[in-house]
Amino acid sequence: MTTVPVKASAPLWRAILQQAWPILVTAWASTVFAVMGTVMVGHASAADLQAMALGASVYVTVFIGLMGVVHALIPIVAQQVGAQRHAEAGRIWGQGIWLALGLSALGSASLLFPDLWLLLSGQVEPRVHQRVAGYLMALAGALPAALVFRTIYATGAAISHTREVMAINLGSILFKLLFNAWFIFGGWGLPAMGAVGAGVATLLTSWIVLAAGLWMIRHRTAFRMLKLRLGRPRWADQKELLRLGLPMGGSYLIEICAFSFMTLLIARDGLYASGAQQILGNLITLCYMLPMSLSLSTASLTARAVGGADHALARRAGRCGILMVVLCALLTGLILAVARPWIVRAYTDEAQVAALALALLHIAPWAHFCDAMHCVSAYVLRAYKVAMAPMLIQTVALIGIGLLGGWWLAYGPAAGALAPVARWLSPGAPAGAATMWIMTMAGLAATAASLFAWYGRVLRRFPP
């Protein structure tokens, strides 16, 4: 089988990089995919832009949570491949398809009731509400294709064949651009559809991407050797996928909700503070993709070693991946510290937003390092099919310490208690925003420390 071998003659760091860079490019392509719609809809109307902002936040929440459940396939398939049970890995993929379809039914149904989601947004203008409903209806049709394609993505990551998925995602940008231009602004017999047109463009592109993925797994040797097949759904297999997938999806949701609610709280500091927070949040998200890709690659190699009962190699792969994430996080932090003025200048020309962003970006290197450590510690545990403990730890640390603790010390009864620390760490930044980020970093650091301790406990169960 033509995967990156677990017992490779090349150094482990090279094997990790070979798989990680296509994952990184794929993540960046997905970001471009999302940003493209916002930028183009922004030239349609303010109502369309608001509708897309609201609709996209709903869809991302649903998709990310369900995607995390489907990603249970990564360690499960990787361990089967590591044990040389290729046919079993192909059968499990088919069970993943059934899981994705079942989750799609639930997720798509939830998108058809926009009023439930918009309760959190207060009064929304009728024209915006109508556009949100149309946008989410289109995305309800896109969700099944997107989740089924994630089973192909997960299988590619499990067997270290990520370049093919990267190529498909890069190609999807062209289709998205063409469909966006057509449906958002109209032409060739179609009226301008604005935000709804962006949803239709995503719908068509998602099914094209799935078709390309299905063609790929039928024609690429590495996937064909797994004998991927769709058998009858088996409850025992679904329970195994859900046992690992539900806490993984929960972890994904906790992370995205913690950052989303932090952004909503920081809006109390005013318009310019919200702009600065948007810059910092976007920057942290972009930087996160590098440790995420390295962590996912590390988890895949580690899981295959675990499946092959080579626990010494699993330890070395985990150790190597963790070290690589630490070094990359330190390098990224150095770049963030040195390039602050240029980064802010690239984001905004608004003087007051730029001033606050410059102050707030003092926190960026520290926040990124904590985020990277939290990421890699969670992924190495997933390689051993450990997901429930990380989810519970993340809930306590990210929600309890980071979000609730941040609110308490930034805007709640103890507001101002961390102001001296905030002024020292981020001079000139709004005290509330800086305090929220300090507590978020504390939550991430507590999560990482706890997960690394749990990882040590897992390793004691698998002596080399």
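A brief report on the enclosed structure follows. A quick note: this is a predicted structure, and the numbers were derived from the prediction, not measured.

## So, the overall build of the protein chain
- Helices and strands together make up the secondary structure of the protein chain, namely 18 helices and zero strands.
- For the protein chain, whose C-alpha radius of gyration is 22 Å, the value lies close to the compact-globule estimate of 23 Å for 464 residues.
- Burial status across the protein chain gives 56% buried among its 464 residues.
- In the protein chain, the proportion of contacts linking residues at least 24 apart, taken out of those at least 6 apart, comes to 84%.
- Put simply, the protein chain shows about 19700 Å² of open surface, and 69% of that area lies on carbon and sulfur atoms.
- Measuring between centres, the 31 positive side-chain charges of the protein chain sit 14 Å from its 13 negative side-chain charges.

## Brief notes about a nonpolar patch on the surface
- Residues L331, L334, I335, V338 and W342 make up a contiguous nonpolar surface patch of about 550 Å² in total accessible area.
- The element contributing the most residues to the nonpolar patch is helix α12 (residues 311-338), with four residues.
- Exposure remark for L334: the relative accessible area of 52% places this residue in the exposed category.

## Overview of the environment of G199
- With respect to the helices and strands, G199 occurs in helix α8 (residues 194-219).
- Note: C-alpha distance between G199 and A140 (59 residues apart in sequence) is 9.3 Å.
- With residues up to four places along the chain from it excluded, the contact list for G199 reads Y135, A138 and L139.

## Here we look at the nonpolar core
- Membership of the largest hydrophobic core comes to 111 residues, with the highest contact counts inside it found for L111, L147 and Y384.
- Counting residues per element, this core draws most heavily on helix α6 (residues 126-158), at 18 residues.
- Once residues lying within four places of it in the same chain are set aside, the contact partners of Y384 are Q79, T302, V306, A314, R315, Y455, V458, L459 and F462.
- Ranked by size, the runner-up nonpolar core spans 42 residues in total, among them I343, A364, Y411 and A429.

## Examining the side chain of N169
- With respect to the helices and strands, N169 occurs in helix α7 (residues 163-185).
- Residue N169 is classed as buried on the basis of its relative accessible area, which comes to 12%.
- If near-sequence neighbours (up to four positions away) are discounted, N169 is found in contact with T26, A29, S30 and F149.

## So, the packing of aromatic side chains
- What the rule picks out here adds up to eight aromatic pairs.
- Ring geometry for W182 against W188: centres 5.7 Å apart, planes inclined by 65°, an arrangement best described as edge-to-face.
- Cluster of aromatic residues (ring-pair linked, three or more members): F175, F179, W182, F183 and W188.
- The ring of Y379 has R382 lying over it, and the distance from NZ or CZ to the ring centre is 4.9 Å.

## Observations concerning the environment of W407
- Within the element layout of this structure, W407 appears in helix α16 (residues 388-410).
- Residue class for W407 comes out partly exposed when judged on its relative accessible area of 31%.
- Excluding anything up to four places from it in sequence, W407 contacts L265, R268, G412, P413 and M436.

## Topic: the packing of α12 against helix α13 (residues 340-347)
- For the pair α12 and α13, interaxial distance at closest approach is 5 Å and the crossing angle is 75°. Judged by the inter-axis angle, α12 sits roughly perpendicular to α13. On α13, the residues touching L336, A337 and V338 of α12 are R340, P341, W342 and I343.

## Some thoughts on the pattern of salt bridges
- The full count for this structure, using the stated rule, is five salt bridges.
- Here R91 makes a salt bridge to D237, at a shortest N to O gap of 2.5 Å. Residue R91 is located in helix α4 (residues 86-111), and its partner D237 is located in helix α10 (residues 235-266); the two are separated by 146 residues in the primary sequence.
- For D237, a relative accessible area of 6% translates into the label buried.
- The salt bridge involving R234 is made with D237; its shortest N-O contact spans 3.7 Å.

## Some remarks on unusual backbone geometry
- Residues other than glycine seldom take positive phi values, yet A309 does so here, at roughly 60°.
- Note that A309 resides in the loop between α11 (271-307) and α12.
- You can call A309 exposed: its relative accessible area is 56%.
- Despite not being glycine, K385 has its phi angle at roughly 65°, a positive value.

## Let's talk about the packing of α12 against helix α15 (residues 364-382)
- Running from amino to carboxyl end, α12 crosses α15 at an angle of 165°, the nearest separation of the two axes being 9 Å. The angle between α12 and α15 places the two elements in the roughly antiparallel class. For the pair α12 and α15, the crossing hand works out as right-handed. Contacts between α12 and α15 involve G318, G321, I322, V325, V326, A329, L330, T332, G333, L336 and A337 from the former and A364, P365, H368, F369, A372, M373, V376 and V380 from the latter.
- Considering only residue class, the contact of α12 with α15 consists of 14 nonpolar, five polar and no charged.

What counts as what
Residues numbered from 1 in each chain as written. Predicted model: local features only at pLDDT ≥ 70, side-chain atom pairs only at ≥ 80, totals over all residues. Heavy atoms only, no water. Helix = DSSP H or I, 4+ residues; strand = E, 2+ residues; numbered from the N terminus. Rg over C-alpha atoms; globule rule 2.2 N^0.38 Å. Buried < 20%, exposed > 50% of the residue type's maximum accessible area, 1.4 Å probe, protein only. Contact = heavy atoms within 4.5 Å. Areas by Shrake-Rupley, 256 points an atom, 1.4 Å probe, with all protein chains shown as cover. Lys, Arg positive; Asp, Glu negative; His and termini not counted. Charge placed at Lys NZ, Arg CZ, Asp CG, Glu CD. Patch = residues over 30% accessible without salt bridge, like charges linked within 9 Å, V, L, I, M, F, W, Y side chains within 5 Å. Salt bridge = Lys/Arg side-chain N within 4 Å of Asp/Glu carboxyl O. Core = buried A, V, L, I, M, F, W, Y, C linked by side-chain atoms within 4.5 Å. Phe/Tyr/Trp six-rings, centres within 6.5 Å; stacked < 30°, edge-to-face > 60°. Lys NZ or Arg CZ within 6 Å of the ring centre and 35° of its normal. Axes fitted to C-alpha atoms, helices over the stretch in contact; angles between N-to-C directions. Parallel < 35°, antiparallel > 145°, perpendicular 65-115°, else oblique. Left-handed = near helix turned anticlockwise from the far one by under 90°. Nonpolar A, V, L, I, M, F, W, Y, C, P; charged D, E, K, R; others polar.

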